[in-house]
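Observations on the three-dimensional arrangement
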Amino acid sequence: MFAVIKTGGKQYRVAANDLLKIEKLEAQVGDIVEIGNVLAHGEGENVTFGAPFVDGATVTAEVVEQGKNRTVIAFKKRRRQNSRRKIGHRQLLTTVRIAEILLGGAKPAKKAAAKPEAKAEAAVEAKAEAAPKEAKAKKEAKAEAAPKEEAKAETAAAAPLFKAPKGEPDDLTVIKGIGPVAAKDLAEQGIITFAQLAKLTDKDVAKIDEHMPFSADQIKDWREQAKELAKK
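Residues numbered from 1 in each chain as written. Predicted model: local features only at pLDDT ≥ 70, side-chain atom pairs only at ≥ 80, totals over all residues. Heavy atoms only, no water.

Our next topic: the sheet that holds strand E3 (residues 19-23). On the basis of which strands lie adjacent, the open sheet formed by four strands has the order E3-E10-E7-E4 and antiparallel pairing. Of all strands in the sheet, those with a lone pairing partner are E3 and strand E4 (32-35), marking the two edges. The sheet shows a mean angle of 45 degrees between the axes of neighbouring strands, direction not considered. Bridge count between E3 and strand E10 (residues 92-102): five bridges; the pairing is antiparallel. Bridge assignment links glutamate 23 to a residue of E10, and that residue is leucine 93. (Pairing = 2+ DSSP bridges. Helix = DSSP H or I, 4+ residues; strand = E, 2+ residues; numbered from the N terminus. Axes fitted to C-alpha atoms, helices over the stretch in contact; angles between N-to-C directions.)

Right, let's talk about the nonpolar core for a bit. With 21 residues, the main nonpolar core has Ile175, Ile178, Leu186, Leu197, Ile208 and Phe214 as its most contacted residues. At the level of elements, helix H2 (180-188), helix H3 (194-198), helix H4 (202-211) and helix H5 (216-231) are the ones that each hand at least two residues to this core. With four residues, H5 is the largest single contributor of residues to this core. Once residues within four sequence positions are removed from consideration, isoleucine 178 is found in contact with Leu172, Thr173, Ala183, Leu186, Leu197 and Trp222. Among the nonpolar cores identified, the runner-up in size contains 19 residues, and Tyr12, Ala57, Val59 and Val63 belong to it. (Core = buried A, V, L, I, M, F, W, Y, C linked by side-chain atoms within 4.5 Å. Buried < 20%, exposed > 50% of the residue type's maximum accessible area, 1.4 Å probe, protein only. Contact = heavy atoms within 4.5 Å.)

Moving on, we come to the environment of threonine 193. Relative to the elements of secondary structure, threonine 193 occurs in the loop between H2 and H3. For threonine 193, a relative accessible area of 10% puts it in the buried group. Between the C-alpha atoms of threonine 193 and proline 169, which are 24 residues apart in sequence, the distance is 5.4 Å. Non-local contacts of threonine 193, meaning those with residues more than four positions away in its chain, are made with Pro165, Glu168, Pro169, Asp170 and Leu172. Polar side-chain contacts of threonine 193 include one of 3.1 Å to the backbone nitrogen of glutamine 196. (Polar contact = N/O pair within 3.5 Å; in protein donor to acceptor, adjacent residues only side chain to side chain.)

Take H5 next. For H5, with 16 residues, the first-to-last C-alpha span of 23 Å sits near the 22 Å given by 1.5 Å per residue. For H5, the full list of buried residues reads Ile219, Trp222, Arg223, Ala226 and Leu229. Viewed along the axis of H5, the buried residues span an arc of 130 degrees, placing them on a single side of the element. Of the exposed residues in H5, those oriented more than 90 degrees away from the buried face are Asp217 and Lys231. Lining the buried residues of H5 we find H2, H3 and H4. (Expected span 1.5 Å × (residues − 1). Arc of directions from axis to C-beta.)

A separate point is a negative patch on the surface. Residues Asp209, Glu210, Asp217 and Asp221 make up a contiguous surface patch of negative charge. Secondary-structure elements contributing two or more residues to the negative patch are H4 and H5. Mapped onto the elements of the fold, aspartate 221 is located in helix H5. Overall, the relative accessible area of 40% leaves aspartate 221 in the partly exposed class. (Patch = residues over 30% accessible without salt bridge, like charges linked within 9 Å, V, L, I, M, F, W, Y side chains within 5 Å. Areas by Shrake-Rupley, 256 points an atom, 1.4 Å probe, with all protein chains shown as cover. Salt bridge = Lys/Arg side-chain N within 4 Å of Asp/Glu carboxyl O. Lys, Arg positive; Asp, Glu negative; His and termini not counted. Charge placed at Lys NZ, Arg CZ, Asp CG, Glu CD.)

For the rest of this paragraph, the subject is the packing of aromatic side chains. For the structure on display, the rule yields one aromatic pair. Summarising the aromatic geometry, the rings of phenylalanine 214 and tryptophan 222 are spaced 5.1 Å apart at their centres and angled 70 degrees between planes, so their arrangement reads as edge-to-face. Across the pair, tryptophan 222 and phenylalanine 214 agree in class, each one buried. The ring of phenylalanine 2 carries arginine 13 above its face, with NZ or CZ at 4.0 Å from the centroid. One cation-aromatic arrangement involves lysine 207 over phenylalanine 162; the distance from NZ or CZ to the ring centre is 5.2 Å. (Phe/Tyr/Trp six-rings, centres within 6.5 Å; stacked < 30°, edge-to-face > 60°. Lys NZ or Arg CZ within 6 Å of the ring centre and 35° of its normal.)

Under the defined criterion, the tally for this structure stands at four salt bridges. For glutamate 23, the salt bridge identified is with lysine 10, shortest N-O distance 2.6 Å. In this pair, glutamate 23 is assigned in strand E3 and lysine 10 in strand E2 (residues 10-15), connecting sequence segments 13 residues apart. Owing to a relative accessible area of 23%, glutamate 23 belongs among the partly exposed residues under this scheme. Among the ionic pairs, glutamate 228 bridges to lysine 231, the shortest N-O distance being 3.9 Å. Here glutamate 228 pairs with lysine 231, and both are found in helix H5, just three residues apart, close to one helical turn.

Rendered as structure tokens:
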């Protein structure tokens, strides 16, 4: 028995166990694929033609190899125009071995590979089912982490960077560049006197630069001014 099939815009006369190279099919090596576009089938002189395809007729094939055809060069040149164009094309091919020619809606002995669209739909459905679980897990993890983050924030807010000395605070706004807001921020971190600012080490400057909205250059400038004010 033979059949005439159409795939990739081409027609092929096939029989069982024929090895055939056709335009690329989305399948893995070893998969069984179904080709439903059967134009005709027959045995000997008894041939049935479709209009355009034979109802209930299917050809199954096993994917043997995925590869490429030889490169075809298309070269075009125009006379006296200094115009040349060279384009290469290498067609992707799938090598298949014809397994069965089925008639009258018969089912194949081996199951055909799922179509890419079906695989994509299954993946989307699986992702949609997993999404609520992932969202719930993230929500629970966030709820568990929230108290720890709040406790950490409260601890950080409660512990100033430096220990404020006893006694009356100095008016830090006398230093050029320190306004009322900056003076308040420094006081909250335990810096309230000129002497404290004057004794800041480079390590202290780096700590303030990291935890407060002041640059290292600003703090060093304030330190130099505080040294002069602390002498008075």
